[in-house]
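Structural overview for review
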Amino acid sequence: MKQRAGLFRAMHNFNFRLWTVGSLVSNVGTWMQRTAQDWLVLTQLTHHDASAVGTVMALQFGPQLLLMPWTGAAADYFNQRKLLLVTQAIMGVLALALGLMTVLGVVQLWQVYVFAFLFGCASAFDAPVRQIFVTELVGDKDLPNAVALNSTSFNAARMIGPGVAGLVIAVVGTGWAFLLNGISFIAVLVSLLMLRVSELHPNARATSTRGGIMVGLRYTWARPDLRATLIMLFLIGTFGLNFPIFISTMAVGAFHADAKAFGLLSSIMAVGTVAGALMAAGREKPEFGTLLTGAAVFGLGCALAAIAPDYWLFAAALVVIGIAALTFTNTTNSLMQLATEPAMRGRVMALRLGVAVGSTPIGAPIVGWVANVYGPRWAMAVGAASGFAAAAVALAARKNISASAAAESAAT
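Residues numbered from 1 in each chain as written. Predicted model: local features only at pLDDT ≥ 70, side-chain atom pairs only at ≥ 80, totals over all residues. Heavy atoms only, no water.

1. What about the overall build of the protein?
Across its full length, the protein holds 18 helices and zero strands. In terms of C-alpha radius of gyration, the protein reaches 20 Å, essentially the compact-globule figure of 22 Å for 412 residues. Taken along the three principal axes of its C-alpha coordinates, the protein extends 65 × 50 × 45 Å. Among the 412 residues that make up the protein, the fraction classed as buried is 58%. Here the contacts in the protein between residues at least 6 apart in sequence split such that 88% fall between residues at least 24 apart. (Helix = DSSP H or I, 4+ residues; strand = E, 2+ residues; numbered from the N terminus. Rg over C-alpha atoms; globule rule 2.2 N^0.38 Å. Buried < 20%, exposed > 50% of the residue type's maximum accessible area, 1.4 Å probe, protein only. Contact = heavy atoms within 4.5 Å.)

As C-alpha cells, then:
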C-alpha cells in the first residue's frame with residue numbers, strides 16, 4: 001500500500017482528481033479527432049498523400065511557434081483557470097463545426113487546413129497554461145507525480161481514443177468522431193467550474209507581459225541544463241514526434257491496413273506511453289540522466305520500427321517508442337518547471353512547448369516528403385536519427401553541467 005500511495009500521491013488532492021477525470025474524457029475525444037483527421041486527409045480528401053497530412057500537422061502545431069511571444073506571457077499574467085475555460089470552449093466549438101461539415105459531406109481539404117490552423121491557435125494559448133496549471137492544483141511538492149499522472153491520463157485517452165475513432169469511422173463515418181470530440185469538451189469545462197478555488201496553490205503572477213518570450217529565452221539560454229534540454233527537444237520534436245505520419249504511412253503503405261487496424265496501432269503505442277508515464281510517476285524526482293536514456297531508447301525503437309517485417313512486430317516497436325517518448329517528454333516537463341522561478345514558468349513552458357510541438361511544422365513536411373519519395377520506412381529512420389542525435393547532445397551537456405556545478409561548489 002505504501003508504494004501505491006507514493007505512485008498516486010497527487011490523487012489525494014480533490015482538485016487534481018476532478019481535473020484528471022474531466023481531462024480524461026476530453027482527451028479521449030481529442031485523440032478521436034486526431035485519428036479521424038489523419039484518416040480523412042489521407043484516404044478521403046487525397047489519395048494517400050503523406051505531404052497533405054504533414055501540412056495539416058504543420059498548420060495545427062505551427063501556432064505554437066508563431067504565437068510564442070504572447071502565449072507564455074498570457075499564462076504568467078492572466079488567471080489560469082479562466083484562461084483555460086476560454087481556450088477549451090473555443091476548441092470544442094471548432095470540433096463541432098468541422099464535424100458538422102464532414103457529416104454533411106461538404107468538407108474540403110483547404111477547409112481542414114483552416115480548421116487545423118484555428119485549432120492550433122487556440123491550443124497554443126491553452127498548452128502552456130495547462131502545463132503550469134498542474135502546479136496550481138497540487139503545489140511544487142507533488143508536481144513531478146502530478147505531471148506523470150497527468151500524462152498517464154492523457155495517454156490512457158490515447159490508448160482508447162484512436163481505437164474508438166476507428167470503430168466510429170467504420171460504423172457511422174469520420175464526421176461523427178469530430179462531433180463526439182466537441183461534446184467531450186463539456187467534461188473539462190465542468191471540472192474547471194467545479195474546482196475548489198480556495199484550495200488552489202496560485203502561482204506567482206507576472207506583473208507585466210513586456211518582453212514576452214524573449215525574457216524566457218534569455219533566462220533559459222543562460223542555463224546549461226535548460227539550454228541542452230531545448231536542443232534535445234528541437235531534434236526529437238522536429239524529426240521524431242511525427243507519429244501521425246509514421247503510423248498512417250506505415251499502416252497504409254507498408255502493411256495495407258484498414259481504418260480499424262490503423263486506429264489499433266495508435267492505441268497499441270499508447271500502451272507504451274501509459275507505461276512510461278506510470279514509470280515516471282514512481283520516480284521521486286526528475287534527473288537529467290533520464291533524458292539521455294529516453295532519447296537513446298527512442299532512437300532504438302524507431303530503428304526497430306523501420307525494419308519491422310510485419311504489422312505486429314511494428315506494433316511491438318511502437319510500444320518501445322511510446323515508453324521512451326513519455327520518459328523523455330515528462331522529464332523535460334518536470335525538470336524545466338522545477339528549475340524555473342514561479343513567475344517565469346509560463347514563458348519558459350511556452351518556450352518548451354514551442355520547441356517541442358512547434359518544431360513539428362519544420363519536420364512534418366520533410367518527413368512526409370521522405371515517406372512519399374523513399375517510403376515510410378525511411379521516414380521512420382529519420383525519427384531514429386533524431387533520438388540518437390539528442391542522446392549525443394545529452395552526453396556532451398552532462399559533462400558541461402557537471403563542470404559548472406563543480407565550479408559553483410568551489411566558488412562557494
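Now, onward.
2. Considering the UniProt feature "transmembrane region" (unreviewed entry) in the protein
Taken from the UniProt record, the annotation "transmembrane region" (unreviewed entry) applies to residues 89–110, 164–195, 228–255, 261–281, 288–306, 312–329, 350–371 and 377–397. Structurally, residues 89–110 is divided into 77% helix and 0% strand, and its ends, taken at the C-alpha atoms, are 24 Å apart. Annotation note: span residues 228–255, helix share 86%, strand share 0%, distance between end C-alpha atoms 38 Å. (UniProt positions renumbered as here; feature names shortened; annotations may be inferred.)

3. Notes on unusual backbone geometry
As a rule of thumb, non-glycine residues mostly have phi less than zero, and peptide bonds are mostly trans rather than cis. In this structure, His48 takes a positive phi of about 55° despite not being glycine. Backbone geometry at His256 places phi at a positive 55°, although glycine is not the residue there. Here His256 shows up in the loop between α12 (243–254) and α13 (259–281).

4. Things to note about the packing of helix α14 (residues 288–307) against helix α15 (residues 311–338)
Contact geometry of α14 with α15 gives a least axis separation of 8 Å together with a crossing angle of 155°. In terms of orientation, α14 and α15 fall into the roughly antiparallel class. Considering only the axes of α14 and α15, their crossing is left-handed. In this structure, α14 uses Phe288, Thr290, Leu291, Gly294, Ala295, Val297, Phe298, Gly301, Cys302, Leu304 and Ala305 to contact α15, whose residues at the interface are Phe314, Ala317, Val320, Ile321, Ala324, Ala325, Thr327, Phe328, Thr331, Thr332 and Leu335. Looking at the contact of α14 with α15, its residues break down into 16 nonpolar, six polar and no charged. (Axes fitted to C-alpha atoms, helices over the stretch in contact; angles between N-to-C directions. Parallel < 35°, antiparallel > 145°, perpendicular 65-115°, else oblique. Left-handed = near helix turned anticlockwise from the far one by under 90°. Nonpolar A, V, L, I, M, F, W, Y, C, P; charged D, E, K, R; others polar.)

5. A closer look at the side chain of Asn150
Mapped onto the elements of the fold, Asn150 is located in helix α8 (residues 143–171). Among all residues touching Asn150, those that are not within four sequence positions of it are Phe16, Trp19 and Val134.

6. Some words on helix α11 (residues 224–239)
The end-to-end C-alpha separation of α11 is 23 Å, in line with the 22 Å expected for 16 residues at 1.5 Å each. Every buried residue of α11 is listed here: Leu226, Ala228, Thr229, Leu230, Met232, Leu233, Ile236, Gly237 and Thr238. (Expected span 1.5 Å × (residues − 1).)

7. Let's talk about the packing of aromatic side chains
One pass over the structure, following the stated rule, counts eight aromatic pairs. For the ring pair Trp39 and Phe262, a centre distance of 5.3 Å and an interplane angle of 25° mean the geometry is stacked. Of this pair, Trp39 sits in helix α2 (residues 14–45) while Phe262 sits in helix α13, and the two are 223 residues apart along the sequence. A residue is classified by how much of its surface remains accessible, and Phe262, at 3% relative accessible area, is buried. Joined through ring pairs, the aromatic side chains of Phe255, Tyr311, Trp312 and Phe314 make up one cluster. Its end group placed over the ring of Trp31, Arg34 keeps NZ or CZ at 4.6 Å from the ring centre. The ring of Phe14 has Arg196 sitting right over it, with the charged end atom 3.7 Å from the ring centre. (Phe/Tyr/Trp six-rings, centres within 6.5 Å; stacked < 30°, edge-to-face > 60°. Lys NZ or Arg CZ within 6 Å of the ring centre and 35° of its normal.)

8. Concerning the environment of Arg283
Take Arg283: it is sitting in the loop between α13 and α14. Taking relative accessible area as the criterion, Arg283 reaches 24% and is therefore assigned partly exposed. As a C-alpha pair, Arg283 and Asn145 span 138 residues in sequence and 7.8 Å in three-dimensional space. Here Arg283 is in contact with Arg9, Thr290 and Thr327, once residues within four sequence places are set aside.

9. Describing the nonpolar core
Membership of the largest hydrophobic core comes to 117 residues, with the highest contact counts inside it found for Phe16, Phe314, Ile321 and Met380. Leaving out residues up to four positions away in the same chain, Phe314 has contacts with Phe246, Met250, Phe255, Leu265, Ala305, Ala308 and Met380. (Core = buried A, V, L, I, M, F, W, Y, C linked by side-chain atoms within 4.5 Å.)

10. Considering the packing of α11 against helix α16 (residues 345–356)
The N-to-C vectors of α11 and α16 enclose an angle of 30°; their axes lie 8 Å apart at closest approach. In terms of orientation, α11 lies roughly parallel with respect to α16. Each of Leu230, Leu233, Phe234 and Gly237 in α11 lies in contact with α16, whose residues at this interface are Leu351, Arg352, Val355 and Ala356.

11. A short note on helix α6 (residues 80–103)
Its 24 residues give α6 an end-to-end C-alpha distance of 35 Å, which sits within 8% of 34 Å, the value for a rise of 1.5 Å per residue. By the N-cap criterion, in which a side-chain oxygen at the helix start approaches the backbone nitrogen of a residue two or three places on, α6 is capped by Asn79, the distance to Arg81 being 3.1 Å. Following α6 by one or two positions, Gly105 adopts a phi angle in the positive range, close to 75°. (Polar contact = N/O pair within 3.5 Å; in protein donor to acceptor, adjacent residues only side chain to side chain.)

12. With respect to the pattern of salt bridges
A full pass over the atoms with the stated rule returns three salt bridges. Ionic pairing is found between Glu199 and Arg196, a salt bridge with its closest N-O pair at 3.4 Å. By relative accessible area, Glu199 is classed as partly exposed at 37%. Judged by relative accessible area, which is 38%, Arg196 ranks as partly exposed. Among the ionic pairs, Asp225 bridges to Arg223, the shortest N-O distance being 3.2 Å. Residue Asp225 is classed as partly exposed on the basis of its relative accessible area of 22%. (Salt bridge = Lys/Arg side-chain N within 4 Å of Asp/Glu carboxyl O.)

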